Amino acid sequence: MLKDSLKARQDRTDYMFFEGKYDSVILSSIDNIKLAEKLGNKDAAFYSRYMIGASFIYLKDFKNAHVYGEDYLNFAEKSKDDFKIARAYNFMGALYLTEKKYDSALPLFKKALPLSLKRKDTLEASMVYYNLSESYLNQGDNKNAQLYFQKAKQGIDAMGSKALVTEMNLLQGKLNLSLNNPKEAIVNFKDAIAFAQEKNYIDDYLTEAHKEYSNALYDIGDYKEAFVVRKKFDSLIEIQFENEKLMAIQNAAAQFSVNEYKKQALQAELEKKLISEKVLLSNILLYFFIGTAIVMGLFLIILYISHKGRKELTLTLKEKNQQYLKAKQKSEKLALAKSKFFSTVSHELRTPLYGVIGLSSVLLEDESLKNHQADLKNLKFSADYLLALINDVLQISKLESNTLEEMKSPFDLRDLVQSIVTSFQYSLVQNKNKLHVEISENIPHTIVGDRVRLSQILMNLVGNAIKFTNNGDIYIKVQEESISENEVTIHFSIKDNGIGIPKEKQKAIFEEFQQVDSDDFKIQGTGLGLTIVKKLLEASGSSIKLKSEQGEGSTFSFTLSFQILKHLLQDKIIDDNSILNGKKILVVDDNRINQIVTKRILENHGIICSIAESGDIAIEQLRINDFDLVLMDINMPGKDGIETTKEIRKFNKIVPILALTAIEVEEMKNKIEASGMNDIIVKPYDTDKFLKVILNNLNDTDEDIFYQHKSSSLEK
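Conventions used here
Residues numbered from 1 in each chain as written. Predicted model: local features only at pLDDT ≥ 70, side-chain atom pairs only at ≥ 80, totals over all residues. Heavy atoms only, no water. Helix = DSSP H or I, 4+ residues; strand = E, 2+ residues; numbered from the N terminus. Buried < 20%, exposed > 50% of the residue type's maximum accessible area, 1.4 Å probe, protein only. Phe/Tyr/Trp six-rings, centres within 6.5 Å; stacked < 30°, edge-to-face > 60°. Lys NZ or Arg CZ within 6 Å of the ring centre and 35° of its normal. Pairing = 2+ DSSP bridges. Axes fitted to C-alpha atoms, helices over the stretch in contact; angles between N-to-C directions. Right-handed = clockwise from strand over helix to strand, strands pointing away. Contact = heavy atoms within 4.5 Å. Expected span 1.5 Å × (residues − 1). pLDDT = per-residue confidence, 0-100. Patch = residues over 30% accessible without salt bridge, like charges linked within 9 Å, V, L, I, M, F, W, Y side chains within 5 Å. Areas by Shrake-Rupley, 256 points an atom, 1.4 Å probe, with all protein chains shown as cover. Salt bridge = Lys/Arg side-chain N within 4 Å of Asp/Glu carboxyl O. Lys, Arg positive; Asp, Glu negative; His and termini not counted. Charge placed at Lys NZ, Arg CZ, Asp CG, Glu CD. Parallel < 35°, antiparallel > 145°, perpendicular 65-115°, else oblique. Left-handed = near helix turned anticlockwise from the far one by under 90°. Core = buried A, V, L, I, M, F, W, Y, C linked by side-chain atoms within 4.5 Å.

Turning our attention to the overall build of the chain. In terms of regular secondary structure, the chain is built from 24 helices and 12 strands. Out of the 716 residues belonging to the chain, those deemed buried represent 44%.

Bringing the packing of aromatic side chains into the picture now. Aromatic rings considered in pairs are described by the distance between their centres and by the relative angle of their planes. One pass over the structure, following the stated rule, counts 12 aromatic pairs. Both rings, one in tyrosine 72 and one in phenylalanine 75, keep their centres 6.0 Å apart while their planes meet at 55°; by these two values the pair is tilted. With tyrosine 72 and phenylalanine 75 both in helix H4 (residues 62-79), this residue pair falls 3 residues apart, about one helical turn. Feature note: the residues Phe46, Tyr47, Tyr50, Tyr72, Phe75 and Phe91 constitute an aromatic cluster, connected by ring pairs. The ring of tyrosine 50 has arginine 87 lying over it, and the distance from NZ or CZ to the ring centre is 5.1 Å. Between the NZ or CZ atom of arginine 623 and the centre of the ring of phenylalanine 651, over which it lies, the distance is 4.3 Å.

With that settled, the discussion passes to the sheet that holds strand E11 (residues 657-661). Reading across from one edge, E9-E8-E10-E11-E12 is the order of the 5 strands in this open sheet, with parallel pairing throughout. Here the strands that pair on one side only, and so sit at the sheet edges, are strand E9 (608-612) and strand E12 (679-682). Ignoring strand direction, the axes of neighbouring strands in this sheet form an average angle of 25°. With 4 bridges connecting them, strand E8 (residues 584-588) and strand E10 (residues 629-632) associate as parallel partners. Each bridged residue has a counterpart across the sheet, and for valine 588 the counterpart in E10 is methionine 632.

The backbone of lysine 100 shows a phi angle near 65°, a positive value even though the residue is not glycine. You can see lysine 100 is positioned in the loop between helix H5 (82-98) and helix H6 (102-118).

As a further point, take the pairing of E10. Remark: a regular strand shows side chains that alternate across the two faces of the sheet. Judged by which residues are buried, E10 turns out to be covered on both faces: Leu629 and Leu631 on one side and Val630 and Met632 on the other are all buried. Sheet topology note: the E10/E11 ladder contains 3 bridges and is parallel. Of the residues in E11, the one forming a bridge with valine 630 is isoleucine 657. Once the chain exits E10 it traverses helix H22 (residues 641-651) before rejoining the sheet at E11, and the crossover so formed is right-handed.

Its place among the elements puts methionine 16 in helix H1 (residues 2-18). Take methionine 16: its relative accessible area is 18%, and that puts it in the buried class. Excluding anything up to four places from it in sequence, methionine 16 contacts Lys21, Ser24, Val25 and Ser28.

Here we come to helix H7 (residues 122-138). Between its first and last C-alpha atoms H7 spans 24 Å; for 17 residues at 1.5 Å apiece the expected length is 24 Å, and the two agree. Just downstream of H7 lies glycine 140, where phi reads positive at about 85°.

What follows is about the confidence of the model for the chain. In this model, the chain carries an average pLDDT of 80, and 79% of its residues clear a pLDDT of 70 or more. Counted against residues more than four places away or in other chains, residues 568-576, with its pLDDT under 50, gives 10 contacts. Taken together, the stretch residues 700-716 has pLDDT below 50 and engages in 29 contacts with residues farther than four places along the chain or on a different chain.

Looking now at a positive patch on the surface. Taken together, the side chains of Lys60, Lys100, Lys211 and Arg230 present a region of like positive charge at the surface. Here lysine 60 shows up in the loop between helix H3 (42-58) and H4.

Right, let's talk about the packing of helix H2 (residues 22-39) against H3 for a bit. Helix-helix packing is characterised by the crossing angle of the two axes and by the distance between the axes. Their axes nearest at 8 Å, the elements H2 and H3 cross at an angle of 165°. By the criterion of interaxial angle, the relationship of H2 to H3 is roughly antiparallel. In this structure, H2 meets H3 at a crossing whose hand is left-handed. In this structure, H2 uses Tyr22, Val25, Ile26, Ser29, Ile30, Asn32, Ile33, Ala36 and Glu37 to contact H3, whose residues at the interface are Ala44, Ala45, Ser48, Arg49, Met51, Ile52, Ser55, Phe56 and Tyr58.

In the structure shown here, the tally under the stated rule is 13 salt bridges. Among the salt bridges present, the one from lysine 84 reaches aspartate 43, with a minimum N-O distance of 3.7 Å. Here aspartate 43 lies in helix H3 and lysine 84 lies in helix H5, a separation of 41 residues in the sequence. A salt bridge links aspartate 157 to lysine 153; the nearest nitrogen and oxygen atoms lie 3.0 Å apart. Taken together, the residues aspartate 157 and lysine 153, both in helix H8 (residues 142-159) and 4 residues apart, mark about one turn of the helix. Judged by relative accessible area, which is 49%, aspartate 157 ranks as partly exposed. What makes lysine 153 partly exposed here is its relative accessible area of 30%. One salt-bridge network, held together by shared partners, links Glu37, Arg49 and Asp71.

Next up on the list: the nonpolar core. Buried together is how nonpolar side chains tend to be arranged in soluble globular proteins. Within the largest apolar cluster, 54 residues are counted, with the highest numbers of intra-cluster contacts made by Ile52, Phe56, Tyr72, Tyr89, Met92, Leu132 and Met168. If you tally residues by element for this core, the top one is H5, at 9 residues. With residues near it in sequence (within four places) discarded, isoleucine 52 still touches Ile26, Ser29, Ile30, Ile33 and Tyr68. Residues Phe411, Leu428, Ile447 and Val488 belong to the second largest nonpolar core, which totals 42 residues.

What follows is the structure in structure tokens.
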């Protein structure tokens, strides 16, 4: 039964590999290794290691791919099995080919070829010919590249296989280009692209086919069509970039699992050795007592042996403790690297969002665009939600450590729900669903709470309901549980009549990177939505409840409490711009879009705005001109915002300088304060809050009209 179970597990792992679920392949392979070792099945254990190595190639983690590939190659060579050796040579050759190390790849493919021919495996031999052709082509050896391509084509044509149409046409087109036959190459590239699009493949081969097709069109002088194809190539590159980000997340999860497995394996080995040593020690003591009864003289000898064994054991344990300490230090370095990676990704994602949110805010204030107010509000709502989602996904460690702060503010619950409904109009039409909203009349219109957190929870739950329902109905019900003078407790439920969730998977779906699998629904996503919902509710002192039957739909529900706002305070800056009007502000930013957005927001409120593209220009401007305030970007080429501020403070200690940045505040807070800056504004930002922070820092007595005391955004 265990053997049958192992075979079934490996079959499922192979299927996940062809589906592209490489992190799941690695997790399953680790379990398969444990079971294979328990059964003493060495072949199965090393095959699982081979699958881990292959997954790391697709995740572009070549270092780990080499570790597992070389491990399998050593095993194959010791087994003297032609099939395993050929597979190992092909694997290592493909790894070097992916790394563009053609000199290393060629010898391995040449070793694999006679073994494949000996086994009379037409498909395997054809793939070796294909790899040899590509290797020679990349080395500029067109003669051998053409020779091996023809052999590969003969084998694939003989089998009548259509699985490699894109790859074969792409390689043949590249060969024709190298032989100065661009017109024939164009035909090949068109065939490659047509087949990939017919099968809905979006991969490296399709992207490369568009690139080579554009080059061929350029060679024959068709520059207009070459430009069109190049644009398509650029769009595919963007799709690949998104896929690579998802693979980076998968690789991080897989790497963590592999490290845990290695750590557990080492611990098990040490425990086994320790038990063995304890047994040996017990035997020594037993022999000691027996020897005492026979010959008292043996007592000293046995005592010496026992003492020596204890000393060696102590030394061994000290060595192992040192190894554990090194492993701990390595783990901390990995955690630091992960944190740095998340910080970089956070900055790179927030920077373009600043343009979207800023421009949408400016357009909302444009009187000539009143007819598009609803569309612009929906655009800004979606961008705000995307920003919040990015923040929570990249800072999921904050959720786990309960350090996420709750940002309470007044908002209209009905407007929030309507914005969510509007943002899903396209998805509803696409899946032919109807969305029904029921909000109790007893619930006040304006309540106080974390609007962004509630929108994240509802967006994730409604989005899931729409994705897993076709031609059905989704219900959003909002009912009061209790109402007092100052507080209302609200019960939210999102119900659908979609595919439902099996009982055995109802706990797993709240774990990271987990999704419901169905033959009828192939849903793309990170598998983090319900994890974020669960952690956000836990951070708010609540929990998510689920009722579901497979094939009959699902109902997710939760309860949250909100304060009741008796007197709605105006949270926006009043229309009288007399305080801001005529103020001179210097914006220091190297990004053109950021300059445009910030300048338009400031000028719309009567502020005189000047731009400095670098730190040096900003310093020169402040030496010769007077400004009421400076908005300083942090990440700039040359002098960054920190260095620029330090230079300014040497000759001007009065002008308020505010950091305007997309970086994580926690990382740079101390450096920003130490440089002499007065406050921090994190991009993207709400326009009203942005202007209020500026007012709060302007050296003007009129600001007392609005504020009774000053407090920085850091203190808030």
